[in-house]
Amino acid sequence: MTTVVSIVSGKGGVGKTTTTLNLAAALAERDHYVTVVDGNLTTPNISLHLGIPLFPTTLHDVLQGKIDITKAVYIHESGVRVVPASLSVENLKGIKASDLQRALDPLVERKGWILLDGAAGLGKEARTVMRVSDTSIIVTNPEIPAVTDALKAIKVANQIGTPVAGVIINRWTGKKHQMTLNNIFEMLEKPILGVVPEDQKIQECISQKKMFFHTHPQSRTAYRYRYIVSNILGQPYPRPTGLTGAFKRTFLNY
Ligand SMILES: Nc1ncnc2c1ncn2[C@@H]1O[C@H](COP(=O)(O)OP(=O)(O)O)[C@@H](O)[C@H]1O
Ligand SMILES: [Mg+2]
């Protein structure tokens, strides 16, 4: 069976789409069958990140009952399967976000993962994405506004009855003004699956419509994604080779 994981945050712009795509690529690297589905129905994200704005078929066609979801899957060169949402607002007519569950059904048979890239906020779209998933992962930044919204997202998940697997802290710099991991853990009381640093290369990749993990597989940040995937799978972390001494210790701390 497929495990459906929603990536949510409460606050917008913390890195849900970035995290979803790079975790998907890290799972695909381990030969997992992964499909990323854009849960941002009114403001699609995936196609903007991957630079494929004019898909002939999208999730909207699936939700409108025009096609089966398997006909809206695009295979990225990383091996990740992608179901984009439509960028055209006109295509939104008649679509209920709650139809998502039914739309995903044809993908659910197969052993693998569906990563649902959640919408910003905690409105109907974001809730629907949580409702149809087996588990949610919360993405946050080490700052009070983001962590406060992450806490709200956890509460909403509790209300809906979707378990929260843990929290990913994105855009970590280690600077004094950022919250510490302890503070974040004390506030959210969920396992911290990993920390992804602030990395300009991620921004460069987004502007070039590239999937960071795929184009920078040996970067330190790519290993952070591998670390998170190891935590999700409960499998050993593939430690990078060639690192020694203090650098290795610091690096492996997170
Ligand atoms: N680890 C990171 N390092 C640097 N910039 C990042 C990182 N993660 C995300 N960003 C920046 O934040 C922006 C928003 O990320 P995105 O994944 O689109 O957030 P969301 O999906 O939560 O709205 C990106 O366009 C990118 O510029
Ligand atoms: Mg997004």
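Quick note: structure is the one above.
Conventions used here
Residues numbered from 1 in each chain as written. Chains lettered and ligands numbered in written order. Predicted model: local features only at pLDDT ≥ 70, side-chain atom pairs only at ≥ 80, totals over all residues. Heavy atoms only, no water. Near = heavy atom within 4 Å. Polar contact = N/O pair within 3.5 Å; in protein donor to acceptor, adjacent residues only side chain to side chain. 1 Å grid on protein atoms, 1.4 Å probe; cavity = no way out; pocket = protein on both sides within 12 Å on 5 of 7 lines; lining within 4 Å. Sits in = over half its atoms within 2 Å of the grid points. Helix = DSSP H or I, 4+ residues; strand = E, 2+ residues; numbered from the N terminus. Nonpolar A, V, L, I, M, F, W, Y, C, P; charged D, E, K, R; others polar. Phe/Tyr/Trp six-rings, centres within 6.5 Å; stacked < 30°, edge-to-face > 60°. Lys NZ or Arg CZ within 6 Å of the ring centre and 35° of its normal. Salt bridge = Lys/Arg side-chain N within 4 Å of Asp/Glu carboxyl O. Buried < 20%, exposed > 50% of the residue type's maximum accessible area, 1.4 Å probe, protein only. Donors = N, O, S within 2.8 Å, 3.2 Å for Na, K, Ca; no water. Pairing = 2+ DSSP bridges. Points joined across faces, edges and corners; volume = space filled by probe spheres on them. Contact = heavy atoms within 4.5 Å. Axes fitted to C-alpha atoms, helices over the stretch in contact; angles between N-to-C directions.

A. Inspection of the site of ligand 1 at higher detail. In the vicinity of ligand 1 there are 17 residues, among which Lys 16, Thr 17, Thr 18, Asn 170 and Asp 199 approach most closely. A distance of 2.6 Å is found between an oxygen atom of ligand 1 and a side-chain nitrogen or oxygen belonging to Thr 18. Here a nitrogen atom of ligand 1 and a side-chain polar atom of Gln 203 are 2.9 Å apart. Cavity membership is defined here by more than half of the atoms lying within 2 Å of grid points; on that basis ligand 1 lies in the largest pocket. Those elements giving two or more residues to the shell around ligand 1 turn out to be α1 (16-29), β7 (164-172), β8 (192-197) and α8 (200-207). Partitioning the shell around ligand 1 into residue classes produces five nonpolar, eight polar and four charged.

B. Highlighting the packing of aromatic side chains. For the coordinates displayed, the defined rule picks out one aromatic pair. Sitting above the plane of the Tyr 33 ring, Arg 110 keeps its charged end 3.6 Å from the centroid. A cation over an aromatic ring shows up here: Arg 226 above the ring of Tyr 223, its NZ or CZ 4.4 Å from the ring centre.

C. The pattern of salt bridges, seen in detail. Tallied over the entire structure, the rule returns five salt bridges. The partner of Lys 66 in a salt bridge is Asp 61, with the nearest N and O atoms 3.8 Å apart. A relative accessible area of 56% means that Lys 66 is categorised as exposed.

D. Spotlight on the coordination of the magnesium ion (ligand 2). For the magnesium ion (ligand 2), every protein donor is listed as Thr 17 (OG1) and Asn 45 (OD1), and the spread of their distances is 1.8 to 2.0 Å. On the criterion of sequence distance, the pair formed by Thr 17 in helix α1 and Asn 45 in the loop between β2 (34-38) and α2 (46-50) is long-range, its members being 28 residues apart. Residue classification places Thr 17 among the buried residues on the basis of a relative accessible area of 5%.

E. Highlighting the pairing of β2. Counting buried residues in β2 gives five out of five residues, a clear majority hidden from the surface. Judged by which residues are buried, β2 turns out to be covered on both faces: Val 34, Val 36 and Asp 38 on one side and Thr 35 and Val 37 on the other are all buried. Inspection of the sheet shows β2 paired to strand β5 (residues 112-117) by five bridges, in the parallel sense. Within β5, the residue paired with Thr 35 across the bridge is Ile 114. Two elements, β2 and strand β4 (residues 81-83), share three bridges in a ladder whose sense is parallel. Looking at β4, one finds that Val 36 is bridged to Val 82.

F. Geometry of the layout of surface pockets. Estimates place the volume of the largest pocket at around 160 Å³. In terms of lining, the largest pocket is formed by 13 residues, of which the most central are Thr 18, Asn 170, Arg 171, Ile 202 and Gln 203. Looking at the lining of the largest pocket, the elements with two or more residues in it are β7 and α8. Of the residues forming the lining of the largest pocket, the biggest block, three residues, is contributed by α8. Here the residues of the lining of the largest pocket sort into four nonpolar, six polar and three charged.

G. Representation of the sheet that holds strand β1 (residues 2-8). One open sheet holds the eight strands; their spatial order is β3-β4-β2-β5-β1-β6-β7-β8, and the pairing between them is mixed. A single partner strand is all that each edge strand has here, and the edge strands are β3 (74-75) and β8. Pairing analysis gives four bridges linking β1 to strand β6 (residues 135-140), with the strands arranged parallel. Note on β6: the bridge partner recorded for Ile 7 is Ile 137. Across the sheet, helix α10 (residues 220-233) lies against β5, β6, β7 and β8, angled at about 170 degrees from β8, the strand it touches most.

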